[in-house]
Amino acid sequence: MSYQEFLVEREQIDYFIRRGYLIKRIYENLSGTFVEFELKRSNSSREQKLQKTLHIYNADARKYVSSLLIQQLKQTAAPF
Amino acid sequence: MADLSINLAGIKSPNPFWLASAPPTNSGYQVQRAFEAGWGGAVWKTLGEPILNVSSRFAAISFNGQRVAGFNNIELITDRPLEVNLKEIYETKKRFPDRALVASLMVEPKREKWHEIVKKVEAVGVDGLELNFGCPHGMAERGMGSASGQVPALVEQQTYWVKEVAQTPVIVKLTPNITDITATAEAAVKGGADAISMINTINSLMGVDLDTWNPIPHVAGKGAHGGYCGPAVKPIALNMVAECARHPRIHVPISGMGGVSSWKEAVEFMLMGATGVQVCTAVMHHGFRIIEDMLDGLNHYLDEKGIASVIDLVGKSVHKYSDWGDLDLNYKVAARIDTDKCINCNKCYIACEDASHQCIDRLKDAGGKEYLKVREADCVGCNLCSIVCPVDGAIEMVEVPSEHPPMTWNERQAAIGVLASCNIDTK
Ligand SMILES: Cc1cc2nc3c(=O)[nH]c(=O)nc-3n(C[C@H](O)[C@H](O)[C@H](O)COP(=O)(O)O)c2cc1C
Ligand code: SF4
Ligand code: SF4
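Residues numbered from 1 in each chain as written. Chains lettered and ligands numbered in written order. Predicted model: local features only at pLDDT ≥ 70, side-chain atom pairs only at ≥ 80, totals over all residues. Heavy atoms only, no water.

Chemist: Pulling in residues and values, what's your account of the overall build of chain B?
Modeler: Regarding its fold elements, chain B presents 13 helices and 20 strands. Within chain B, buried positions represent 53% of all 427 residues. A separation of at least 24 residues holds for 72% of the contacts in chain B among residues at least 6 apart in sequence. Of the roughly 20000 Å² of accessible surface on chain B, a fraction of 53% belongs to carbon and sulfur atoms. Treating the 40 positive side-chain charges of chain B as one cloud and the 50 negative ones as another, the clouds have centres 4 Å apart. (Helix = DSSP H or I, 4+ residues; strand = E, 2+ residues; numbered from the N terminus. Buried < 20%, exposed > 50% of the residue type's maximum accessible area, 1.4 Å probe, protein only. Contact = heavy atoms within 4.5 Å. Areas by Shrake-Rupley, 256 points an atom, 1.4 Å probe, with all protein chains shown as cover. Lys, Arg positive; Asp, Glu negative; His and termini not counted. Charge placed at Lys NZ, Arg CZ, Asp CG, Glu CD.)

Chemist: With reference to specific residues and values, describe the sheet that holds strand β2 (residues 32-42) of chain A.
Modeler: Either a parallel or an antiparallel arrangement is found when strands of a sheet pair, and the pairing is made through backbone hydrogen bonds. Residue and element names in this part refer to chain A. Pairing is antiparallel in the open sheet, where three strands are placed in the order β1-β2-β3. A strand with exactly one partner marks an edge of an open sheet, and here the two such strands are β1 (22-29) and β3 (47-56). Across the sheet, the axes of successive neighbouring strands diverge by a mean angle of 20°, strand direction being ignored. Pairing of β2 with β3 involves ten bridges; the strand directions are antiparallel. (Pairing = 2+ DSSP bridges. Axes fitted to C-alpha atoms, helices over the stretch in contact; angles between N-to-C directions.)

Chemist: An account of the site of ligand 2 is requested, with residue identities and associated values reported.
Modeler: In the vicinity of ligand 2 lie 14 residues, with B:Cys352, B:Cys359, B:Cys379, B:Cys382 and B:Cys385 positioned nearest. Grouping the constituent residues of the shell around ligand 2 by class yields eleven nonpolar, three polar and no charged. (Near = heavy atom within 4 Å. Nonpolar A, V, L, I, M, F, W, Y, C, P; charged D, E, K, R; others polar.)

Chemist: Explain the sheet that holds strand β8 (residues 128-132) of chain B to me, using residue names and the numbers behind them.
Modeler: All names here are of chain B. Taken in spatial order, the eight strands of this closed barrel run β3-β4-β7-β8-β9-β10-β15-β16, and their pairing is parallel. Adjacent strand axes in the sheet meet at a mean angle of 25°, parallel and antiparallel pairs treated alike. Strand direction decides the pairing type here: strand β15 (residues 254-257) and strand β16 (residues 274-279), joined by four bridges, are parallel. Bridge pairing in β16 links Ile254 to Ala274. Of the strands in this sheet, β4 (41-47), β7 (100-105) and β8 touch helix α3 (residues 111-122), which is tilted by about 160° from β7.

Chemist: Quick one: what's the story with the interface of chain A and chain B, residue by residue and with numbers?
Modeler: With 23 residues of chain A in contact, the opposing surface of chain B contributes 18 residues. Contact between chain A and chain B buries roughly 1700 Å² in total, counting both sides, with carbon and sulfur atoms accounting for 61%. On inspection of chain A and its partner chain B, the count reaches two salt bridges. Between B:Arg412 and A:Glu28 there is a salt bridge whose closest N-O contact spans 2.5 Å. Here chain A is connected to chain B by six residue pairs in polar contact (both at pLDDT 80 or more). (Buried area = accessible area lost by both parts, 1.4 Å probe. Salt bridge = Lys/Arg side-chain N within 4 Å of Asp/Glu carboxyl O. Polar contact = N/O pair within 3.5 Å; in protein donor to acceptor, adjacent residues only side chain to side chain.)

Chemist: Please provide a residue-by-residue account of the environment of B:Cys342, values included.
Modeler: Residues and elements named next belong to chain B. Examined against the element boundaries, Cys342 turns out to sit in the loop between β17 (332-337) and α11 (347-355). In the structure, Cys342 is positioned 57 residues away from Glu399 in sequence and 20 Å away in space, judged by C-alpha atoms. With residues up to four places along the chain from it excluded, the contact list for Cys342 reads Ile337 and Ala394.

Chemist: How would you explain helix α8 (residues 263-271) of chain B if you had to name every residue and give the values?
Modeler: All names here are of chain B. Within α8 the residues assigned to the buried category are Glu265, Ala266, Val267, Phe269, Met270 and Leu271. Those residues of α8 that are buried are in contact with β1 (6-8), β3 (17-19), α7 (234-245), β15, β16 and α10 (290-305). A positive backbone phi angle near 115° is found at Gly273, which sits one or two residues after α8.

Chemist: Residue-level account of unusual backbone geometry, with values.
Modeler: Residues and elements named next belong to chain B. Residue Met198 is joined to Ile199 through a cis peptide bond whose omega torsion reads 10°. Counting through the fold element by element, Ile199 comes out in the loop between β10 (195-198) and β11 (202-204). Ile216 connects to Pro217 through a cis peptide bond whose omega is -5°. The backbone of Asn64 shows a phi angle near 50°, a positive value even though the residue is not glycine. Mapped onto the secondary structure, Asn64 falls in the loop between β5 (58-63) and β6 (66-73).

Chemist: Residues and numbers for the nonpolar core, please.
Modeler: Ranked by size, the top nonpolar core spans 93 residues in total, and within it B:Trp39 and B:Ile196 carry the most contacts. Considering every element that reaches this core, the biggest residue donor is α10(B), with seven residues. With near-sequence residues (within four places) excluded, B:Trp39 lies in contact with B:Asn15, B:Phe17, B:Trp18, B:Leu19, B:Ala34, B:Arg99, B:Val279, B:Val283, B:Phe288, B:Ile290, B:Ile291 and B:Met294. A:Tyr21, A:Ile23, A:Ala61 and B:Leu419 belong to the second largest nonpolar core, which has 22 residues in total. (Core = buried A, V, L, I, M, F, W, Y, C linked by side-chain atoms within 4.5 Å.)

Chemist: Tell me about the site of ligand 3, residues and numbers included.
Modeler: The immediate surroundings of ligand 3 are formed by 13 residues, with B:Cys342, B:Cys345, B:Asn346, B:Cys348 and B:Cys389 found nearest. Residue classes in the shell around ligand 3 are distributed as ten nonpolar, two polar and one charged.

Chemist: Mind laying out helix α6 (residues 181-190) of chain B, listing which residues take part and the relevant values?
Modeler: All names here are of chain B. Within α6, eight of the ten residues are buried, which leaves it mostly tucked inside the rest of the structure. Within α6, burial applies to Ile181, Thr182, Thr184, Ala185, Glu186, Ala187, Ala188 and Val189. Looking at the buried side of α6, the elements it contacts are α4 (146-149), α5 (152-165), β9 (170-173), β10 and α7. Positioned one or two residues after α6, Gly192 has a phi angle of 105°, which is positive.

Here it is, written out as C-alpha cells:
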C-alpha cells in the first residue's frame, strides 16, 4: 500500500531531521530521489561532519522531503 | 436583465452570439432569418473566387445516443459569385443595422488579391473582416486557408496587406492544425490584426465503412481529410483560446468558437478570455432558434451571479490557467462515497482497481450488506471513480488539509537548485 510506504519513508526522513540533520543535497535519477543529510558536530578540538544518504522511492515521500527542504531554506539563511 | 452587448475591437453587437462563417451564413435569406431569431452577429460564409463542391460533404459521430457529438465536413468556401453575396450582405445590413455583420475572406496569398477583395467587400458596408486562414481541406491544397495559416510569416504578411487598405476591424481566424496556436496568433498581432478568432476545424477522417471499406464521408468511393467541429472539439478550442488570452504578447480581443452549443460553453469561452462566441455545428443540428435558450440562459446566469454586463465575464478565469509547474503539489483531494446515494454498481471499484490506485474497499456492514469505502490515505484524488459513477453526487471529491504550505514543482526545483549552488560555494 502506497500510504504505508509513505509512512515508512517519512519516518526515515523524520529520524534524521529529529537528530538535527540538515538536507545537504537532493539529486534524482531513474531510481527515485536521493537525499543527502548532514550533521555538523563540533567539540572543542575539531569539527565533525556526519553524512547520511536516503533513497526515497515513494512519490508522496518525495513531495514531503521537498516541503521540508523549502522550510529548511526559509529557516536557515545560510544552510551550509 | 443584464446588458448582453459586446464590442469586439470596435465591432458592436447586441449580444455575444454570432453565427460562424459556414453553411448557416451562406445567404441573405439565412442570415436575415437568424437575425430575426435573435442572433447578435454573423460572419458570412467565406468569400473568394467561387469554388466547386463535391457530394456528399458532411459526416457526424453519434456517441452513445448523442447525435452529432462531432461533425466533419469537406465543404469549401462560397460557391456563389462575389457580387451576389455582396448584394445580399448590403440588404441584410440595411435591414439589421444593429447586428454585427462580418465578411469572411480567403484569396491567394498575393497582395493585390487581398486589396481587391477588401475594397469590394467594405464598399457594401460590412462591420468587419475575418480572414480565413483556417480551412483545412481543398483550399489548403491551393495554398490558401490553413496552408497559409500554419506558417506564421504568411499570417503576418497577409494580415499586413489587408491592414494596408482595410477601413473596418480585421479579425484573423486561426487554424487549430498547428502545435502551438500562439505562434500564429502572435504573427497575426504583429501583422496588425485588430482581433483573432479560433478555432476553425480540425483535420479529421470520420471513419471507414465496415462493409464497403469506403472512407466516411465518401465521394464515389473516395475520401479526403475533412474538418472536425462540434461538441467534441470544445476542450481543444477552449485551451487554444485560453493559451492566447494568457499570452503576454497577444493583447487583441478574441472571438471564440468550437463546440459552443449553449450559453454554458459561451460563458466558459468568455471566462477564458473570449469577448464573444461564434456557433456553427449547433445551428446545423438544431436550427437558428437555439438562440432563444442561449439568451435566456445567459441572462439568468448573469442575474443569478449579480453581474450587470456580460463583458464583465471576459477573462475572469485566465489568471487561473497556468503551467503545470505552477500547480500546488501539496494540494490534495480524496474521493468519498455517499452510501445513501450509491446504487452499488461497482463501476468506481473496477475503475480504481483496474486503472487507478486500488484504494476502494468492498466491505460488509453488520447486517451483511455490501458497501464501498475509499481508503482516503491511499487515494491520489485522480477523479476517475467520480467520472465513471453513474449517480450524481454519489462520489464527492473532498479537500484533504495539507500539513505543508503550497509548493509548486517550479518552487521545488528552485529549492533543490539553491542547495546545489550552496554546496558548490562551500567547496
Ligand atoms: C460545413 C462547414 C463549413 C464551414 N465553412 C467555413 C467557411 O467557409 N469559412 C470558415 O471560416 N469556417 C468554416 N467552417 C468552420 C466554422 O466556421 C467553425 O470555425 C467550426 O465549425 C467550429 O465551430 P462549431 O464547433 O460551432 O461548428 C465550416 C464548418 C462547417 C461544419
Ligand atoms: S479518486 Fe482515483 S485513486 Fe481515489 S478512489 Fe477514486 S479512482 Fe481511486
Ligand atoms: S460508481 Fe457510484 S453508484 Fe456505482 S458503486 Fe461506485 S459510488 Fe456507487
